[in-house]
Amino acid sequence: MAVYLLLLGGPGAGKGTQADVLCQEFQLPHVASGDLFRDNLKRATPLGQLAKQYMDRGELVPDDVTIKMIRERLQQPDAKNGALLDGFPRTVPQAQALDALLAEFGGKVTTVLYIKVGETALLDRLSGRWICRGAQQHAYHLLFNPPKVAGKCDVDGTELYQRADDTAEVQARRIKVFMEQTAPLISFYQQRGELREVDGEQSIQAVTEALRAGVKAATAK
Ligand code: ADP
Ligand code: ADP
């Protein structure tokens, strides 16, 4: 059966950082809704232009457009054995739509990995984050995870930049939106016995270890 791993966590919790490692290890494509929107933005597609209005303010892109984008992505051949979903779902209606979509494919959510990080640490991470211009949008941090060569991605050598929505004002809004619209998913998945909580305020490697153990336990069932 296909494996669908969900990464849940506030903005800056480390979802993208951990996804890079887990996807390699478990041979799953990394499906990150934020990366897909930024890719559309770069290519100036109508979807990108629409998403930008919300992203710039730290608001969520409407559910219908987001769900359609994920549906199309999960139908690509590289996702036939599953995927690691990073940043989707972010609302209860998105989670319900995902259930319906996976049921159509004959699958279901394998496990939900919740990377728990407090607000102070989220802000520290977002304010020092630099990401690369490569397709995989690798994340670095000025203090916590600096690149080997300043300003360049270790993996693909592309230039690093700060996201337009990583300003102090938009960061605060994104954290508030997470608390209001995404945090309800914690109990949504907890009630179904699908949530695994990991302490996200450890080193990157320690978080990876905890997540890896969670995936192994979930896939061994
Ligand atoms: P972060 O890594 O900081 O959590 P993302 O890259 O996942 O941020 O998301 C950036 C922005 O893209 C969000 O603030 C939101 O505007 C939009 N976005 C990403 N995923 C979703 C989603 N599942 N639903 C609605 N909007 C989304
Ligand atoms: P998300 O995708 O959840 O928004 P990222 O993976 O982009 O989060 O990480 C946010 C920032 O925090 C990045 O600058 C990243 O290098 C850094 N980071 C990620 N995990 C950790 C960690 N465990 N400890 C310290 N910094 C981290």
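Note that the structure is a prediction, hence the values are computed from the model and not measured.

Conventions and cut-offs
Residues numbered from 1 in each chain as written. Chains lettered and ligands numbered in written order. Predicted model: local features only at pLDDT ≥ 70, side-chain atom pairs only at ≥ 80, totals over all residues. Heavy atoms only, no water. Disulfide = S-S within 2.5 Å. Buried < 20%, exposed > 50% of the residue type's maximum accessible area, 1.4 Å probe, protein only. Near = heavy atom within 4 Å. Polar contact = N/O pair within 3.5 Å; in protein donor to acceptor, adjacent residues only side chain to side chain. Areas by Shrake-Rupley, 256 points an atom, 1.4 Å probe, with all protein chains shown as cover. Helix = DSSP H or I, 4+ residues; strand = E, 2+ residues; numbered from the N terminus. Nonpolar A, V, L, I, M, F, W, Y, C, P; charged D, E, K, R; others polar. Pairing = 2+ DSSP bridges.

This paragraph deals with the state of the cysteines. Per the counting criterion, the structure on display carries 0 disulfides. Just so you know, Cys-23 is unpaired, no disulfide at all, and the nearest cysteine sulfur is the one on Cys-132, 15 Å from it. You can call Cys-23 buried: its relative accessible area is 9%. Note on Cys-132: no disulfide assigned, nearest cysteine sulfur contributed by Cys-153 at a separation of 3.8 Å. The class for Cys-132 is buried, based on a relative accessible area of 1%.

A word on the site of ligand 1. Near ligand 1 there are 20 residues, and of these Ser-33, Glu-59, Gly-87, Gln-94 and Arg-174 occur at the shortest range. In the model, an oxygen atom of ligand 1 is placed 3.1 Å from a nitrogen or oxygen of the Arg-129 side chain. The fraction of the free accessible surface of ligand 1 (550 Å²) that becomes covered by protein chains is 96%. For the shell around ligand 1, the element with the highest residue contribution is helix α2 (residues 33-42), accounting for 4 residues. For the shell around ligand 1, the residue count by class is 6 nonpolar, 6 polar and 8 charged.

One ladder, built from 3 bridges, connects strand β5 (residues 129-132) with strand β6 (residues 139-141); its direction is antiparallel. Bridging from a neighbouring strand, Trp-130 pairs with Tyr-140 of β6. Where β5 folds back on β6, the antiparallel hairpin that results is connected by 6 residues, among which Gln-137 adopts a positive phi of roughly 50 degrees. Examined bridge by bridge, β5 and strand β7 (residues 160-161) share 2 bridges and lie antiparallel to one another. Bridged to Cys-132 within β7 is Leu-160.

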